[in-house]
Amino acid sequence: MMENIGDAGLVFFSLLAGSAAKIGMAYWTQKHARKNMEKVGEISAMYIHPVKSCRGWSISEATATKLGLECSNVYDRLFMLADEKNKYRHVNLRIEPLMALIVPSLHVPNMHLDAPNMETLVLPLEFKATPGSLIDCKVYDEHFKGVDCGDKASAWFCKYLKREGLRLLYRANVSECLHQRSFSDEAPHMFLSTASLADLNERLAEPVPMRRFRPNFVISGCSAYDEDNWEEVIIGTAHFKRLDTCRRCTLIMVDPETGQKDPNSEPLQTLKSYRMEPGSSSPGFGNHFGLISSPGKICIGDGVYVMRKP
């Protein structure tokens with residue numbers, strides 16, 4: 001049989017065998033590593049936010065990459081709204097809380113955006129960089145490259161938010177920059193536990209949902225704030241390393257159901273009363289992680305194994 005498949009067939013089978021070997025080695029490596037780690041719980045929810053500061057998708061499986069979570073070829077924070085009049089600095093919920101009511105939906109090869117009293121905006125899932133379309137933009141003090149998504153998208157956001165100078169940007173050269181990240185703040189992955197949220201809600205007059213904090217991974221089974229103590233995490237074949245605490249700002253005051261800011265500055269005020277660290281001006285709630293392995297598939301129900309800080 002091998003005599004009849006030709007050179008092309010031999011190349012194909014070689015590549016297939018190589019891929020299988022890599023997958024097998026990754027599985028063996030992570031399985032071996034888990035033996036030296038502590039199982040603290042499991043993944044109970046996952047979220048991906050295709051457009052930064054707009055409503056996220058609740059998903060049952062995804063691929064963890066160095067850029068961020070990927071589902072159906074859509075990366076977390078793949079698109080971002082920017083202010084052309086302010087050197088293309090990002091526009092988020094702190095500035096425009098009504099962005100919380102913009103709902104993305106997947107219609108391959110497009111993504112639809114819907115908002116109250118607006119016609120549906122249809123966007124392709126990928127924008128190619130062309131002369132004049134590549135924009136130097138900023139997320140806080142960090143510089144990124146974005147592809148301008150065009151005048152139609154700009155007009156849609158300007159009409160909905162009732163302001164001029166807004167441009168929708170697409171993260172440039174996604175397939176070539178997996179060593180970096182998308183338009184996320186500080187880190188590509190954010191972890192938060194159900195126990196931490198439950199503890200916070202016990203302190204609040206009105207409980208808030210997990211979506212208020214926009215995590216990627218929600219972990220059940222561990223104690224409150226246990227995630228503060230994790231140095232490394234393995235889920236499936238994905239291996240993560242802790243980068244920093246997620247510092248919270250006025251963005252979490254926005255109700256994702258109404259697009260309105262809490263008049264009592266909650267839950268930020270309560271977090272400030274017990275989650276401040278020395279030298280920090282913002283309370284911590286959740287933790288940022290980066291992927292240190294090859295991309296790995298993660299599903300709801302997967303076990304979460306950790307190595308704690310020394």
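See the structure shown above.
Another point: the pairing of strand S9 (residues 110–114). Strand direction decides the pairing type here: strand S8 (residues 103–107) and S9, joined by five bridges, are antiparallel. If you follow proline 104 over to S9, its bridge partner there is leucine 113. Hairpin remark: S8 followed by S9, antiparallel, with two residues in the connecting loop. In sequence, S9 turns back onto strand S10 (residues 121–124) through a hairpin of six residues, with asparagine 117 there showing a positive phi of about 60 degrees.

Read across the open sheet, the three strands follow the order S8-S9-S10; overall the sheet is antiparallel. One side of each edge strand has no neighbouring strand; the edge strands of this open sheet are S8 and S10. The mean angle between the axes of side-by-side strands here comes to 25 degrees, regardless of whether they run parallel or antiparallel. Helix-sheet contacts for helix H2 (residues 151–161) involve S9 and S10, and the interaxial angle to S10 is about 140 degrees.

Here we come to the environment of serine 193. Secondary-structure assignment places serine 193 in strand S14 (residues 189–193). In this structure serine 193 comes out as buried when scored by relative accessible area, which is 0%. Separated by 27 residues in the primary sequence, serine 193 and serine 220 have C-alpha atoms spaced 5.9 Å apart. Not counting residues within four places of it along the chain, the set of residues in contact with serine 193 comprises Met210, Ile219, Cys222, Ser223, Tyr225 and Glu227. Only 3.0 Å separates the side chain of serine 193 from the side chain of glutamate 227, close enough to count as a polar contact.

On to the pattern of salt bridges, then. What the rule picks out here adds up to 17 salt bridges. Here aspartate 151 makes a salt bridge to arginine 167, at a shortest N to O gap of 2.9 Å. Placement of aspartate 151 in helix H2 and of arginine 167 in strand S13 (residues 166–171) is noted, with a sequence separation of 16 residues between them. Owing to a relative accessible area of 57%, aspartate 151 belongs among the exposed residues under this scheme. Using a relative accessible area of 12% as the deciding quantity, one classes arginine 167 as buried. Salt bridges here are not isolated pairs; linked through shared partners, they connect Glu38, Asp226 and Arg308.

Another point: the sheet that holds strand S19 (residues 296–299). By definition, the strands of a sheet pair up through backbone hydrogen bonds, in either a parallel or an antiparallel sense. Pairing is antiparallel across the open sheet formed by four strands, whose spatial order is S5-S4-S3-S19. Looking at strand neighbours, the two that pair on one side only are strand S5 (74–75) and S19, the edges of this open sheet. Here strand S3 (residues 61–64) pairs with S19 via four bridges, running antiparallel. Residue pairing in the sheet places threonine 63 in a bridge with lysine 297 of S19.

Residue alternation in strand S11 (residues 134–139) divides its side chains into a buried set, Ile135, Cys137 and Val139, and an unburied set, Leu134, Asp136 and Lys138. Across six bridges, S11 lies against strand S12 (residues 142–148) in antiparallel orientation. Note that in S12 the partner of leucine 134 across the bridge is valine 147. In textbook terms, the turn of a hairpin is the stretch between consecutive antiparallel strands, and for S11 and S12 this stretch comprises two residues, one of which, tyrosine 140, has a positive phi near 55 degrees.

The probe, sized like a water molecule, is rolled over the atoms to show the empty space still left. For the structure shown, the criterion picks out one cavity of 30 Å³ or more. Put simply, the largest cavity is a space of about 120 Å³. Contributing to the lining of the largest cavity are Tyr47, His49, Arg55, Gly56, Leu93, Ala100, Arg211, Arg212, Arg214, Leu251, Val254 and Pro256. Looking at the lining of the largest cavity residue by residue, the class counts come to six nonpolar, two polar and four charged.

Reading the values: rules and limits
- Residues numbered from 1 in each chain as written.
- Predicted model: local features only at pLDDT ≥ 70, side-chain atom pairs only at ≥ 80, totals over all residues.
- Heavy atoms only, no water.
- Pairing = 2+ DSSP bridges.
- Helix = DSSP H or I, 4+ residues; strand = E, 2+ residues; numbered from the N terminus.
- Axes fitted to C-alpha atoms, helices over the stretch in contact; angles between N-to-C directions.
- Contact = heavy atoms within 4.5 Å.
- Buried < 20%, exposed > 50% of the residue type's maximum accessible area, 1.4 Å probe, protein only.
- Polar contact = N/O pair within 3.5 Å; in protein donor to acceptor, adjacent residues only side chain to side chain.
- Salt bridge = Lys/Arg side-chain N within 4 Å of Asp/Glu carboxyl O.
- 1 Å grid on protein atoms, 1.4 Å probe; cavity = no way out; pocket = protein on both sides within 12 Å on 5 of 7 lines; lining within 4 Å.
- Points joined across faces, edges and corners; volume = space filled by probe spheres on them.
- Nonpolar A, V, L, I, M, F, W, Y, C, P; charged D, E, K, R; others polar.

Keep in mind that these numbers describe shape and distance, not what the molecule does.
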